[in-house]
Amino acid sequence: MPDTFDQSGIDAAAKSAAPGALGLAGALPLVLWRRRKINQRLTENTRVSATGTAG
């Protein structure tokens, strides 16, 4: 086994990055869902009906 893996700093860096990665993984679906919801609301307000005129 190489000596590289015996360094204590590598283990500490991996442990300190874990909370950030879990936060991103948890927040990403919520952010994407909210963005999709807002975009749908905006596009519903700007649509023109097929039978009406735009103006």
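Model, not experiment: these values are computed from the prediction.

1. Observations concerning the overall build of the chain
Phase 1 of the analysis: A tally of regular secondary structure across the chain gives one helix and zero strands.
Phase 2 of the analysis: For the chain, buried positions account for 0% of its 55 residues.
Phase 3 of the analysis: Looking at the chain as shown, the accessible area adds up to about 5200 Å², and 61% of this sits on carbon and sulfur atoms.

2. Considering a nonpolar patch on the surface
Phase 1 of the analysis: Nonpolar side chains collect at one region of the surface, where Leu 24, Leu 28 and Leu 32 lie side by side and expose about 280 Å² of accessible area between them.
Phase 2 of the analysis: You can see Leu 24 is positioned in helix 1 (residues 8-46).

Each value, and the rule that gives it
Residues numbered from 1 in each chain as written. Predicted model: local features only at pLDDT ≥ 70, side-chain atom pairs only at ≥ 80, totals over all residues. Heavy atoms only, no water. Helix = DSSP H or I, 4+ residues; strand = E, 2+ residues; numbered from the N terminus. Buried < 20%, exposed > 50% of the residue type's maximum accessible area, 1.4 Å probe, protein only. Areas by Shrake-Rupley, 256 points an atom, 1.4 Å probe, with all protein chains shown as cover. Patch = residues over 30% accessible without salt bridge, like charges linked within 9 Å, V, L, I, M, F, W, Y side chains within 5 Å. Salt bridge = Lys/Arg side-chain N within 4 Å of Asp/Glu carboxyl O.

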